[in-house]
Amino acid sequence: MLATLVIGLREGLEATLIVGIIAAFLRRNRVPLAPMWFGVGTAVLLSVAVGFGLQLVEQALPQAEQEGMETVIGIVAVVFVTGMIVWMRSHARNLSTEIEASATAALGRGTAWALAGMAFLAVLKEGFETSVFLLATFQASRDTGSAALGAVLGVAAAVVIGYGIYTGGVRLNLAKFFTGTGVFLVFVAAGLVLTAIRHAHEAGWIVIGQQRTVDLSWLAPNGSVQGALVTGVLGVPPDPRVIELLGWALYLVPVLALSLWPRSWRPTPARVPLVRTVVAGGLALAAVVLAIGVPATVATPRLPDTVRLDGDQTSLTADVHGTSGVLRTSGNGAQSETALPASAHRRVTRAGVTADRWRITGAGTGADQPSSLTLDDLVGLFGRIPVGISPSTNPGPFTASWSTTRTTTVWTVAGGVLDATSSERDVLTLRGGGLPSARTTTLDRDVWGVPDAVAQRAAATAAAAATRGAELQLWAAWLPLALGSAAVVQLLLALRDRRRTTTPAPDPDTTLPSGPPAADPTRSPAYAAR
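Think of each chain on its own: its residues are numbered from 1, step by step along the sequence as written. Residue-level local features of this predicted model are given only where pLDDT is at least 70; pairs of side-chain atoms are given and counted only at 80 or more, and the full residue set underlies all totals for whole chains, interfaces and linings. Each side-chain value is derived from all of the structure's non-hydrogen atoms; neither hydrogens nor water enter the calculation.

Draft legend 1. Main features of the overall build of the chain. Numbering of helices and strands runs from the N terminus, with a helix taken as a DSSP run of H or I at least four residues long and a strand as a DSSP run of E at least two residues long. Helix and strand counts for the chain stand at 13 helices and 11 strands. Expressed as a percentage of the 530 residues in the chain, the buried residues total 39%. Methods summary: accessible areas were calculated by the Shrake-Rupley approach with a probe of 1.4 Å, and residue burial reflects only the protein chains presented. For the chain, the accessible surface area stands at approximately 28,300 Å², while carbon and sulfur atoms represent 64% of it. Here's how the labels work: a residue is buried when its accessible area is under 20% of the maximum for its type, exposed when over 50%, partly exposed in between, all with a 1.4 Å probe on protein chains only.

Draft legend 2. Just the pattern of salt bridges, in detail. Salt bridge, as used here: a side-chain nitrogen of Lys or Arg that lies within 4 Å of a carboxyl oxygen of Asp or Glu. One pass over the structure, following the stated rule, counts 15 salt bridges. Note that aspartate 239 and arginine 241 form a salt bridge whose closest N and O atoms lie 3.4 Å from each other. Classification of aspartate 239 as partly exposed rests on a relative accessible area of 22%. Judged by relative accessible area, which is 16%, arginine 241 ranks as buried. One salt bridge in this structure joins arginine 445 and aspartate 312, with 3.8 Å as the shortest N-O distance.

Draft legend 3. Looking closely at the confidence of the model for the chain. Residue-level pLDDT values for the chain average 80, and 83% of them are 70 or greater. The weakest mean pLDDT in the chain belongs to helix H13 (residues 525-529) at 39; the strongest belongs to helix H10 (residues 272-293) at 92. A score from 0 to 100, pLDDT tells how confident the predictor is in each residue.

Draft legend 4. Representation of the packing of helix H9 (residues 242-260) against helix H12 (residues 452-502). Angles run from 0 to 180 degrees between N-to-C directions of axes, and those axes are lines fitted to C-alpha atoms, restricted for helices to the stretch in contact. At a closest axis distance of 13 Å, the pairing of H9 and H12 adopts a crossing angle of 35°. The two elements H9 and H12 cross, and the hand of that crossing is right-handed. Only Leu474, Trp475 and Leu479 of H12 make contact with H9, whose side of the interface consists of Val242, Ile243, Leu246 and Leu250. Here the contact of H9 with H12 is built from residues that sort into 7 nonpolar, no polar and no charged. With the far helix as reference, a near helix turned anticlockwise by less than a right angle produces a left-handed crossing, and one turned clockwise produces a right-handed crossing. Contacts are assigned to residue pairs that have any heavy atoms within 4.5 Å of one another. Ten residue types, Ala, Val, Leu, Ile, Met, Phe, Trp, Tyr, Cys and Pro, are classed as nonpolar, four, Asp, Glu, Lys and Arg, as charged, and the remainder, Gly among them, as polar.

Draft legend 5. Inspection of a nonpolar patch on the surface at higher detail. Taken together, the side chains of Val488, Leu491, Leu492 and Leu495 define a hydrophobic patch exposed on the protein surface, amounting to about 360 Å² of accessible area. Positionally, leucine 491 belongs in helix H12. According to the relative accessible area criterion, leucine 491 is partly exposed, its value standing at 41%. Distance thresholds for patches are 9 Å for like charges and 5 Å for nonpolar side chains (Val, Leu, Ile, Met, Phe, Trp, Tyr), applied to residues having over 30% relative accessible area and no salt bridge.

Draft legend 6. Looking closely at the nonpolar core. Joining through side-chain atoms within 4.5 Å is the link that ties buried Ala, Val, Leu, Ile, Met, Phe, Trp, Tyr and Cys residues into a set, and such a set is a nonpolar core. By size, the foremost hydrophobic cluster in this structure holds 37 residues, and its most contacted members are Val81, Phe133, Leu185, Val186 and Tyr251. Only helix H1 (2-28), helix H3 (63-91), helix H5 (112-140), helix H7 (174-202), H9 and H12 provide two or more residues apiece to this core. Counting residues per element, this core draws most heavily on H7, which supplies 9 residues. Membership of the second largest hydrophobic core comes to 17 residues, among which are Leu316, Val410, Val447 and Val454.

Draft legend 7. Layout of the sheet that holds strand S3 (residues 315-321). A strand pair is defined by DSSP finding two or more bridges across the two strands. As summarised here, the arrangement of the 4 strands in space is S1-S3-S4-S5, forming an open sheet in which the pairing is antiparallel. Each edge of the open sheet is held by one strand with a lone partner, namely strand S1 (306-308) and strand S5 (334-340). Each strand of the sheet is rotated relative to its neighbour by a mean of 15°, with strand direction disregarded. The pairing of S1 with S3 spans 3 bridges and is classified as antiparallel. Note on S3: the bridge partner recorded for arginine 308 is serine 315.

Draft legend 8. Layout of the packing of aromatic side chains. What counts as a ring pair is set by centres within 6.5 Å for rings of Phe, Tyr and Trp (its six-membered ring), and what kind of pair is set by the plane angle: stacked under 30 degrees, edge-to-face over 60, tilted for all other angles. Overall, the coordinates contain 1 aromatic pair when judged by the stated rule. Taking 5.9 Å as the distance between ring centres and 75° as the angle between the ring planes, the aromatic pair formed by tryptophan 261 and tryptophan 265 counts as edge-to-face. Charges are assigned to positions over rings by a cutoff of 6 Å between ring centre and Lys NZ or Arg CZ, combined with an angular limit of 35 degrees from the ring normal. Between arginine 350 and the ring centre of tryptophan 411, over which it is positioned, the NZ or CZ distance is 3.8 Å.

Draft legend 9. Local environment of H12. Expected helix span is given by 1.5 Å per residue-to-residue step, counting one fewer step than there are residues. Look at H12: 73 Å from first C-alpha to last across 51 residues, which is about the 75 Å you get at 1.5 Å a residue. The largest bend along H12 reaches roughly 40° and is located at leucine 474. Here the bend at a residue means the angle between the axes of two seven-residue stretches, the one that ends at it and the one that starts at it.

Draft legend 10. The arrangement of H10 in detail. Between its first and last C-alpha atoms H10 spans 31 Å; for 22 residues at 1.5 Å apiece the expected length is 32 Å, and the two agree. Regarding H10, the residues found buried are Val272, Pro273, Ala280 and Ala287. End-on, the buried residues of H10 take up no more than an arc of 90°, which puts them together on one face. For H10, the exposed residues lying more than 90 degrees away from the buried face are Val278, Leu285, Val289, Ile292 and Gly293. At its buried positions, H10 is contacted by H12. What the arc describes is the spread of directions from the helix axis to the C-beta atoms.

Draft legend 11. Expanded view of the layout of surface pockets. In this analysis a 1.4 Å probe is tested at points of a 1 Å grid over the protein atoms alone, and where it fits but cannot get out there is a cavity; an open set with protein on both sides within 12 Å along at least five of seven lines is a pocket; lining residues have an atom within 4 Å of a point. Grid points are joined across faces, edges and corners, and a volume is the space filled by probe spheres set on the points. Its boundaries defined by the atoms lining it, the second largest pocket holds a volume of some 960 Å³. Forming the boundary of the second largest pocket are 34 residues, of which Gly12, Val44, Val48, Thr130 and Val155 lie nearest the centre. If you list the elements that add at least two residues to the lining of the second largest pocket, you get H1, helix H2 (34-59), H5 and helix H6 (144-167). Examining the composition of the lining of the second largest pocket, we find that 9 residues originate from one element, H2, more than from any other. For the lining of the second largest pocket, the class distribution of residues is 21 nonpolar, 11 polar and 2 charged.

Draft legend 12. Region of interest: unusual backbone geometry. Positive phi, normally seen in glycine, also occurs at alanine 351, with a value near 55°. By secondary structure assignment, the location of alanine 351 is in the loop between strand S6 (345-350) and strand S7 (353-364). Notably, alanine 414 is not glycine yet its phi reads approximately 55°, a positive angle. Structurally, alanine 414 can be placed in the loop between strand S9 (398-413) and strand S10 (416-431). Residue classification places alanine 414 among the exposed positions, given a relative accessible area of 61%.

Draft legend 13. Focus on the pairing of S5. When strand S4 (residues 324-331) meets S5, the two strands line up antiparallel, connected through 7 bridges. Looking at the pairing, threonine 329 lines up with serine 336 of S5. If you look at the hairpin formed by S4 and S5, you'll find 2 residues sitting between the two strands, and asparagine 332 has a positive phi there, around 55°.

Draft legend 14. Layout of the environment of isoleucine 18. One can find isoleucine 18 in helix H1. Measuring from C-alpha to C-alpha, the distance between isoleucine 18 and alanine 119 comes to 7.7 Å, with 101 residues separating the pair along the chain.

Draft legend 15. Broad picture of the side chain of threonine 409. Note on placement: threonine 409 falls in strand S9. We call two N or O atoms a polar contact when they sit within 3.5 Å, provided that within protein one can donate a hydrogen and the other can accept it, with sequence-adjacent residues counted only if both atoms are side-chain atoms. Within the structure, the side chain of threonine 409 is placed 3.1 Å from the side chain of arginine 359, a separation counted as a polar contact. Contacts of threonine 409, omitting those with residues within four sequence positions, involve Arg357, Trp358, Arg359, Asp419, Ala420 and Thr421.

Draft legend 16. Layout of the environment of arginine 350. Topologically, arginine 350 is positioned in strand S6. Exposure remark for arginine 350: the relative accessible area of 29% places this residue in the partly exposed category. Residues arginine 350 and leucine 418, 68 residues apart in the sequence, show an inter-C-alpha distance of 8.5 Å. The residues touching arginine 350, leaving out its near neighbours within four places in the chain, are Trp411, Leu418 and Asp419. One polar contact links arginine 350 to aspartate 419, side chain to side chain, over a distance of 2.7 Å.

Now the structure itself:
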């Protein structure tokens with residue numbers, strides 16, 4: 001509730017301040033306010049429609065797509081709130097002057113509807129940002145009802161404060177207000193970054209850096225004030241993962257420093273390119289150190305090529321080369337060899353591990369099976385008399401014909417055996433013995449397989465190796481890539497700022513006048529009112 005209240009208060013106050021400045025300007029110039037209020041009302045309705053529309057679209061999506069959309073909404077909300085904080089920090093002192101200058105230009109175009117469009121765009125921008133930011137906060141909140149109440153109270157308080165400032169009954173240090181609320185919203189936005197990363201993992205977009213870090217259940221127990229503050233307001237879950245805390249810190253530290261950096265310490269425009277270049281160099285150096293210092297791979301225990309079996313065979317050896325190989329089994333004085341062709345190869349997930357799978361199906365004739373069966377034989381095979389056979393009318397014995405299909409499946413990870421099974425399906429056709437027509441039934445049995453305990457240990461070993469490899473990729477590849485990208489952006493901004501500082505100012509004696517002449521009647525407020 002506190003987070004949405006502050007969001008509604010700050011965003012609402014920004015919108016009411018802009019509307020109040022435009023309204024005061026129009027009153028001073030004796031221009032009717034009706035077009036402005038029309039623009040404001042239209043913008044508010046569109047903002048509310050955007051919020052409800054996004055929510056309806058999200059609810060209509062399947063679970064994985066919902067998580068993906070929540071990730072996108074969270075990222076957009078973080079971009080909006082960051083831009084809002086940075087823009088307001090640099091424009092809060094001169095907000096009234098800048099808006100009045102824009103209003104003067106709009107009024108000079110000769111119609112009050114230009115000012116209505118200005119108010120519409122200003123309120124629509126704030127309203128759209130508020131809708132997306134609040135929607136992302138609702139998704140991260142455990143109590144949507146209290147979050148919605150906080151937003152309503154925040155907007156209502158903003159309208160009251162804005163009206164008080166407009167009428168002169170309320171005096172507020174806007175610079176300090178926006179700085180204080182900006183710092184709070186930085187923490188809220190950092191929590192949204194963390195929540196967006198978790199939604200991205202649940203959508204299947206991010207699979208690295210999922211190792212648990214700290215247990216914060218003692219700091220944020222369910223139903224407590226601390227839990228409401230840490231989890232509900234700041235968006236930090238009781239079990240943050242590595243990549244979530246990394247994203248949280250990489251957002252929080254620079255944006256918070258930008259919000260609290262003293263104005264007296266800010267570099268002059270001439271030194272901004274140098275500062276950006278130094279920052280770019282530091283980011284690039286950190287990226288290089290991580291890329292070189294963190295090993296891209298780590299030695300991991302390899303699964304064995306040979307494993308023991310339960311069933312007709314006692315051991316299995318897999319000789320795998322790429323997408324093909326040979327499977328050898330032995331036991332009970334017999335050995336067999338099965339080719340693993342590339343056509344039977346697939347990449348699948350087995351016990352939570354990505355593995356290579358071969359599935360070979362071969363047909364047999366059932367030569368070792370009896371050609372004649374009695375009722376007692378059928379009970380011994382199936383545990384009961386098969387459906388469709390009556391002891392009184394079909395006493396047997398029956399002529400039996402067999403068709404046997406064997407399916408052998410093996411899963412490997414990096415050439416080592418993860419699991420393997422072999423099963424047979426016998427299709428039994430019975431004739432004679434009092435049967436009016438042939439009866440067909442099936443009999444399934446396991447021939448051999450890797451013991452469950454052995455397969456579970458192999459899966460745990462492979463999963464641990466994959467986790468270590470993914471963690472190394474986070475620190476050796478993805479984080480250096482992010483830091484390098486940030487360095488390139490800072491370097492490009494430095495080049496842009498350098499061009500701005502070195503570009504000579506235009507000569508006022510050679511600058512052509514723009515807009516209508518001073519004596520043009522369309523520049524007067526009386527013409528705009530008409």
